[in-house]
Amino acid sequence: MSEQNNSVLLVSMRGINKTFPGVQALANVDFDLRHGEIHALMGGNGAGKSTLIKVLTGVERPDSGTILLAGKEVSVRSPKHAQSLGISTVYQEINLCPNLTVAENILIGREPMKFGRIDWGGLNAQAREILLRVLGIDIDVTRTLGSYSVAIQQMVAIARALEIESAKILILDEPTSSLSTHETEQLFTVMRKLKTEGVGIIFITHFVDQVYEISDRITVIRNGALVGTYETQALPRMELIVKMIGRSITELDEMSKTKAEARKHISGESVLQAREFGQTGEVEPLDLDLHAGEVLGLAGLVGSGRTETAGLLFGLEAPDSGTLTMAGKKVDKFSPYASITRGLVLSPEDRKAAGIVDDLTVRENIVLALQVGQGWFNHLSTQKQSEIAERYVELLDIATPSLDQPVKNLSGGNQQKVILARWLATNPQVLILDEPTRGIDVGTKAEIQKLVLTLAEEGKACVFISSELEEVMRCSHRIAVLYERRKVAEFTGDVDEHVLMRSMAGGG
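Heads up: these notes are all about the structure in this document. (Residues numbered from 1 in each chain as written. Predicted model: local features only at pLDDT ≥ 70, side-chain atom pairs only at ≥ 80, totals over all residues. Heavy atoms only, no water.)

Topic: the pattern of salt bridges
And step 1. For the coordinates displayed, the defined rule picks out 20 salt bridges.
And step 2. Close ionic contact of Glu308 with Arg485 constitutes a salt bridge, the shortest N to O distance being 3.4 Å. Of the two residues, Glu308 sits in helix 10 (residues 306-314) while Arg485 sits in the loop between strand 21 (478-483) and strand 22 (486-492), which places them 177 residues apart along the sequence.
And step 3. You can call Glu308 partly exposed: its relative accessible area is 25%.
And step 4. Look at Arg485 and you get partly exposed, because its relative accessible area is 25%.
And step 5. Between Arg363 and Asp404 there is a salt bridge; the shortest N-O distance is 3.1 Å. Placement of Arg363 in helix 13 (residues 362-374) and of Asp404 in the loop between helix 14 (382-396) and helix 15 (412-424) is noted, with a sequence separation of 41 residues between them.
And step 6. Taking relative accessible area as the criterion, Arg363 reaches 10% and is therefore assigned buried.
And step 7. Asp404 gets classed as partly exposed once you look at its relative accessible area, which sits at 46%.
And step 8. Linked by salt bridges that have partners in common, Glu294, Arg478, Lys487 and Glu490 make up one network. (Salt bridge = Lys/Arg side-chain N within 4 Å of Asp/Glu carboxyl O. Helix = DSSP H or I, 4+ residues; strand = E, 2+ residues; numbered from the N terminus. Buried < 20%, exposed > 50% of the residue type's maximum accessible area, 1.4 Å probe, protein only.)

And the structure:
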């Protein structure tokens, strides 16, 4: 990387080192951010991206190294101190207050006052103006944040960060992971506007296409070390992926072979059969068939009913129409526990809220569902737990210093693998995987996709849900399309992407 004049740099981080118990998170890492640039920070899960950002924003203190802001060395003591220095951050996991209104979340700590009290009319008007001016969205700012979708909550978090006074450095950590294509374009429009105003933006994402659409430069970190910094247009996409995962890519070819092999093992008999199955206001009555050894993809836009369908099949809610049959037996009791006992499991869309249990260890998280299925009076010994957990840590290549490591200390991709390990340990007949690769790196994503096809080859049946159409097409033997919570089409074998997209948009 060429030397830069610190006077033109918003941020210059040099020789940053950070160690956690058993983990060298950062090893002598350098990073620069220029005025008016969008700089993508790339790397696999556990590469050190989040730690580097936490050092810059004062969440963590580096063991050694220096940070310069506009050429002046600083020691960032806390997130509040970082804000005072003009550094504003939006994290992947939304950290706003769902019980407060949208307006309160945007202007918390900066509420307009009138006669010594909060001016609620002014607060609401100001928040609405910010959302319209900054992001171009018009919503009811008097509603609680928690009543809106994850996508809207993400947009509110971004609007709040952009409005922090004198923000010159904006850090966006996976900001588009829950946004639709239209909302992502709105965000990119805002980012380009801020760029022209001299704001430096650090953009963390796992969407390679988005990196090439919006960023000026790319810095790649792998295993806590700097791989390099590159001009975006001078770095071919395949080279970027190779640098991120540290090995050449043959996963797609291997997955095609695995998918073709798995197709040979699909049984003609349905292991799951839904007829006119639905719930008023959530899922319109639909028919679904799932065979042993088959991956059924659910495709659809945000709000199409994919997650609601998954939850209904798993028993999070009881249907009010139709029937569900598993292995030839009609299901008459709907609950997660009943589903697990009959061999149907769900890996949920939101791994933080409904997946991992933060304060439990990797071992405890992996055996959790198996222990529930066996009953708490039939307690698994620690030795048995360790044997089971060790097997799946090795099978899924889960990166953890030990089985007793708190799962919250693992990267997002490894947390996702722990959730998959939990369900695999129950030896299920049917797996429903809702966004199993969201927010994780290219290498881990390929591993999980290949695992899904390998499970199918072994006779498991999978329902696979993803917002990435290419991923659905790559992994699925058959695809059901949902539109406005109705099943509108079904495709078997190879399908034209444009035909599939037209169905997703309601075009039949």
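A word on the side chain of Gln405
And step 1. Relative to the helices and strands, Gln405 resides in the loop between helix 14 and helix 15.
And step 2. Owing to a relative accessible area of 14%, Gln405 belongs among the buried residues under this scheme.
And step 3. Ignoring anything within four residues of it in the chain, the contact list for Gln405 reads Thr361, Val362, Thr400 and Leu410. (Contact = heavy atoms within 4.5 Å.)

Focus on unusual backbone geometry
And step 1. Of note, Phe115 is a non-glycine position whose phi angle comes to about 55°, a positive value.
And step 2. Residue placement: Phe115 occurs in the loop between strand 7 (113-114) and strand 8 (117-118).

A word on helix 4 (residues 120-135)
And step 1. Across its 16 residues, helix 4 extends 22 Å between first and last C-alpha, which sits within 8% of the 22 Å expected from 1.5 Å per residue.
And step 2. For helix 4, the complete set of buried residues consists of Leu123, Ala127, Ile130, Leu131, Val134 and Leu135. Taken end-on, helix 4 shows its buried residues confined to a sector of 95°, consistent with a single buried face.
And step 3. Looking at the buried positions of helix 4, the neighbouring elements they touch are helix 3 (102-107), helix 5 (150-162) and helix 6 (181-196).
And step 4. Backbone geometry just downstream of helix 4 places Gly136 in the positive-phi region, at approximately 75°. (Expected span 1.5 Å × (residues − 1). Arc of directions from axis to C-beta.)

Overview of the sheet that holds strand 13 (residues 270-279)
And step 1. Taken together, four strands build an open sheet; the order of strands is 14-13-16-17 and the sheet is antiparallel. Here the strands that pair on one side only, and so sit at the sheet edges, are strand 14 (283-291) and strand 17 (329-330).
And step 2. Helix 10 rests against strand 13, strand 14 and strand 16 (321-326) of the sheet, and its axis sits at about 70° to strand 14. (Pairing = 2+ DSSP bridges. Axes fitted to C-alpha atoms, helices over the stretch in contact; angles between N-to-C directions.)

Description of the sheet that holds strand 12 (residues 225-231)
And step 1. The six strands lie next to each other as 6-9-10-3-11-12, forming an open sheet whose pairing is mixed. The strands lining the two open edges of the sheet, one partner per strand, are strand 6 (87-90) and strand 12. The average angle at which neighbouring strand axes cross in this sheet is 20°, direction not considered.
And step 2. Examined bridge by bridge, strand 3 (residues 38-42) and strand 11 (residues 217-222) share four bridges and lie parallel to one another. Looking across to strand 11, one finds that Met42 is bridged to Val220.

Remember that the coordinates give geometry; whether it matters functionally is a separate question.
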